[in-house]
Amino acid sequence: MACGFRAAILTLLFSPCAVATERMNFTVWSHPVQLRYGEVHNKMQPLAKLPAHVVDRYADSKKIMAVTGFDLDMVRIGANGSESPVALNDHYLHHYILMFGEADGIHKMLDVASSDASFARMLTGCHAMIGAGVHSFLDRLRLEVPQQRNQQSNRFHIFGSAAGAEYRDNPQRFDAPFRWLIRQPQVWAPTLHIINTKSSAEAGVEGTAAWSPLIECPCTPQRKINVSAGTIDGQAADPPISCSPEFAATGNPSCHLATYQGGWRCCEHQVFLVDTDKECANPDCSEKPLDEIFMKFTFFYEDAQPDTRQVEAAACCDVTSVTQGAENIEYDIPACPQGTSPEACVHVVETVQPLAYFGDHPKSPLSSYRGSDLVDLVFAAPHLHLAGISIELIDHMTNKTICEVHRTDDNSGGIAYGHGTTPGDEDGYMVGLSTCRWGGADAPRFRRDHPMRTRAVYSSASGHTGVMSLWLMDVSAVAEPDFLV
């Protein structure tokens with residue numbers, strides 16, 4: 001195999017020719033998540049140490065970890081240590097975000113976030129789904145130490161993002177030579193958004209299948225929405241409600257607090273998604289049983305080789321945005337008028353955004369990349385909610401479809417809906433979304449500012465709040481930017 005010396009950091013670390021690499025893995029568990037029926041967990045957990053053998057392997061920086069992918073599951077752990085998977089109609093995973101890397105760098109970033117609320121939202125709020133916060137902070141580190149800009153890029157990363165209910169059938173893998181590179185992996189921390197949906201007394205109906213209405217995060221009577229002050233429960237809506245002008249012009253209720261009915265902003269940590277005046281004897285529902293679950297993550301990795309290429313989060317795509325990064329992220333699907341034929345009950349949204357981050361933009365103000373710099377598209381994961389019919393990623397210049405998934409009766413189109421009772425096949429729930437990935441020989445190459453179009457289709461036979469239509473993508477720079485100081 002011919003050896004390429006793409007990055008200076010790797011050139012210094014490895015012999016001239018790549019050799020067969022050892023494939024390794026390790027498993028970690030989250031801190032326990034304890035919830036009562038209807039309650040929400042939505043926060044970043046404390047930093048935890050990675051397994052000692054992983055830390056030791058990379059402690060001297062003579063090797064670099066190259067993450068090839070990961071799996072996850074939600075489990076209960078019995079008194080004897082046995083694990084059992086948890087179903088979506090028991091505890092629903094709305095989304096997760098994983099922070100992973102060098103302890104000092106992550107602590108430095110969290111210190112900045114503690115005094116900057118806007119930046120904190122980019123790390124643990126919905127904008128973290130596409131890596132905006134970490135991308136911005138790494139740009140800052142590269143400016144502070146320009147002679148070590150490659151090393152700064154490998155200090156830590158965010159994985160996973162908006163992927164939620166589909167997590168058991170949503171392959172998170174990279175094809176060679178593309179990898180997440182981490183110089184000295186030491187700690188990790190998950191942000192987990194989980195809803196206890198067990199023992200739901202009511203059910204939403206989509207076709208003939210039942211599902212818990214709590215998964216759409218309804219704004220209950222207990223939520224105090226003050227439109228004039230722009231607050232929910234006395235706090236500014238977090239993240240701020242902000243649709244692109246083009247999307248806001250559609251009149252979607254989610255774009256304005258006055259018409260906001262449900263979704264992320266009514267689904268914060270320790271909020272209850274049931275009417276506690278009717279459902280609970282106490283305001284905090286303390287009479288209801290407290291359940292406990294864990295998230296389990298298995299990471300797959302190898303030692304980086306001279307031709308290994310670093311990946312970074314893309315700046316696209318969220319249908320509520322027309323620029324780099326996400327805007328409102330969520331939106332509503334109004335029910336079609338009564339009497340509309342079933343085949344006509346669809347809600348369609350399209351938007352166009354640049355593929356990757358580049359400088360002179362609020363979400364990447366310190367980036368040294370130009371819009372004309374080239375990247376390879378290496379991974380694309382669609383994200384839809386219940387009632388999603390299809391989502392398509394399209395090259396806006398050529399009209400060529402790059403990746404797409406669609407619903408079929410036999411789940412062969414890349415969108416899977418459950419038909420049973422076991423975890424991973426919950427009746428009526430969206431339980432899988434196929435991903436697209438490319439290797440070094442076939443990765444499509446674009447400018448960073450190349451326009452990508454997203455087209456998302458939902459069923460509007462029933463109304464839905466807080467849905468999302470996202471592409472969670474990764475790109476790899478073809479060349480490092482000229483670094484101006």
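One can find the structure itself at the top, above this paragraph.
Treat the numbers as computed from the prediction; the structure is a model and nothing was measured.

Participant: I would appreciate a short explanation of the packing of aromatic side chains in the present structure.
Facilitator: What characterises a pair of aromatic rings is the spacing of the ring centres plus the angle enclosed by the ring planes. For the coordinates displayed, the defined rule picks out 14 aromatic pairs. Relative to Tyr-458, the ring of Tyr-331 lies with its centre 6.2 Å away and its plane at 85°, an arrangement referred to as edge-to-face. Here the residue Tyr-331 occupies a position in strand S20 (residues 330-333), and Tyr-458 occupies one in strand S29 (residues 451-459), the gap between them amounting to 127 residues. Exposure class is identical for Tyr-331 and Tyr-458. Each is buried. Three or more aromatic residues joined by ring pairs make a cluster, and in this case those are Phe-26, Tyr-58, Phe-70, Tyr-96, Phe-100, Trp-188, Phe-297, Phe-299 and Tyr-301. It is Arg-407 that lies over the ring of Tyr-417; its NZ or CZ is 3.6 Å from the centre. Positioned over the ring face of Tyr-369 is Arg-448, at 3.5 Å from the centre of the ring.

Participant: Is there a simple way to think about the side chain of Asn-196 in this case?
Facilitator: Mapped onto the fold, Asn-196 is located in strand S11 (residues 187-196). Since its relative accessible area comes to 3%, Asn-196 is described here as buried. Side chain to side chain, Asn-196 and His-91 meet in a polar contact 3.5 Å long. When sequence neighbours within four positions are dropped, the list of residues in contact with Asn-196 reads Leu-35, Arg-36, Tyr-37, Gly-38, Glu-39, Asp-90, His-91, Leu-214 and Asp-291.

Participant: For this particular structure, what's the right way to read unusual backbone geometry?
Facilitator: Trans is the prevailing form of peptide bonds, just as negative phi is the prevailing case for residues other than glycine. A cis geometry characterises the amide bond from Ala-176 onward to Pro-177, with omega recorded as 10°. Here Pro-177 lies in the loop between strand S9 (172-173) and strand S10 (178-182). Residue Cys-316 is joined to Cys-317 through a cis peptide bond whose omega torsion reads 20°. Looking at where Cys-317 falls in the secondary structure, it is placed in the loop between strand S19 (312-313) and S20. Phi at Asp-233 takes a positive value of approximately 55°, unusual for a residue other than glycine. By the secondary structure assignment, Asp-233 is in the loop between strand S15 (231-232) and strand S16 (235-236).

Participant: Any chance you could explain the nonpolar core here in plain terms?
Facilitator: The nonpolar side chains of a soluble globular protein tend to be buried, and buried together. Of all hydrophobic cores here, the largest spans 101 residues; its most connected members are Phe-297, Leu-355 and Met-473. Not counting the four nearest positions on each side in its chain, Phe-297 is found in contact with Phe-26, Thr-27, Val-28, Asp-71, Leu-72, Tyr-96, Leu-98, Trp-188, Pro-190 and Leu-192. Core analysis: the second largest hydrophobic core is formed by ten residues, Met-99, Ile-106, Ile-158 and Ala-189 among them.

Participant: Just to check I follow, could you spell out the pairing of S29 for this structure?
Facilitator: When a strand is regular, its side chains alternate between the sheet's two faces. Of all nine residues making up S29, seven are buried, and the element is well covered by its neighbours. Both strand S21 (residues 346-354) and S29 contribute to a ladder of nine bridges, which runs antiparallel. In the sheet register, Val-348 faces S29, and the bridge partner there is Val-457. Pairing between strand S23 (residues 388-395) and S29: seven bridges, direction antiparallel. Residue pairing in the sheet places Ser-390 in a bridge with Val-457 of S29.

Participant: I tried to follow the sheet that holds strand S24 (residues 401-407) on my own but got confused; where do I start?
Facilitator: Taken together, six strands build an open sheet; the order of strands is S21-S29-S23-S24-S25-S26 and the sheet is mixed. Each edge of the open sheet is held by one strand with a lone partner, namely S21 and strand S26 (430-433). With strand direction ignored, the average angle separating the axes of adjacent strands in the sheet is 15°.

Participant: Before we go on, may I ask you to explain the environment of Val-405 in this structure?
Facilitator: With respect to the helices and strands, the residue Val-405 is situated in strand S24. Residue class for Val-405 comes out buried when judged on its relative accessible area of 2%. Separated by 29 residues in sequence, Val-405 and Ser-434 place their C-alpha atoms 7.0 Å apart. Setting aside chain neighbours within four positions, we find Val-405 in contact with Pro-382, Ile-389, Ser-390, Ile-391, Gly-413, Gly-414, Ile-415, Leu-433 and Ser-434.

Participant: Help me understand the environment of Ala-258 in this model?
Facilitator: Mapped onto the secondary structure, Ala-258 falls in the loop between helix H7 (245-248) and helix H8 (276-279). In this structure, the C-alpha to C-alpha distance between Ala-258 and Asn-226, residues 32 residues apart in sequence, is 8.4 Å.

Participant: Explain the sheet that holds strand S14 (residues 225-226) here, please?
Facilitator: In a beta sheet, neighbouring strands pair by backbone hydrogen bonds and run either parallel or antiparallel. Strand order in this open sheet of three strands is S14-S15-S16, and the pairing throughout is antiparallel. Only two strands of the sheet have a single partner each, and these edge strands are S14 and S16. With two bridges joining them, S14 and S15 adopt antiparallel strand pairing. When the sheet's bridge partners are listed, Ile-225 is paired in S15 with Ile-232.

Participant: Where do I start with the pattern of salt bridges in this structure?
Facilitator: Side chains that differ in charge, positive against negative, can pair when their charged atoms come close. Counted by the stated rule, this structure contains 20 salt bridges. With a shortest N-O distance of 2.8 Å, Arg-57 and Asp-303 are connected by a salt bridge. You can see Arg-57 sitting in helix H2 (residues 52-57) and its partner Asp-303 sitting in strand S17 (residues 291-303), a full 246 residues away along the chain. When its relative accessible area of 11% is taken as the criterion, Asp-303 is described as buried. Between Arg-309 and Asp-376 there is a salt bridge, and its shortest N-O distance comes to 2.9 Å. Of this pair, Arg-309 sits in strand S18 (residues 309-310) while Asp-376 sits in strand S22 (residues 374-384), placing them 67 residues apart in sequence. Overall, the relative accessible area of 2% leaves Asp-376 in the buried class.

Quick notes on the rules
- Residues numbered from 1 in each chain as written.
- Predicted model: local features only at pLDDT ≥ 70, side-chain atom pairs only at ≥ 80, totals over all residues.
- Heavy atoms only, no water.
- Phe/Tyr/Trp six-rings, centres within 6.5 Å; stacked < 30°, edge-to-face > 60°.
- Helix = DSSP H or I, 4+ residues; strand = E, 2+ residues; numbered from the N terminus.
- Buried < 20%, exposed > 50% of the residue type's maximum accessible area, 1.4 Å probe, protein only.
- Lys NZ or Arg CZ within 6 Å of the ring centre and 35° of its normal.
- Polar contact = N/O pair within 3.5 Å; in protein donor to acceptor, adjacent residues only side chain to side chain.
- Contact = heavy atoms within 4.5 Å.
- Core = buried A, V, L, I, M, F, W, Y, C linked by side-chain atoms within 4.5 Å.
- Pairing = 2+ DSSP bridges.
- Axes fitted to C-alpha atoms, helices over the stretch in contact; angles between N-to-C directions.
- Salt bridge = Lys/Arg side-chain N within 4 Å of Asp/Glu carboxyl O.

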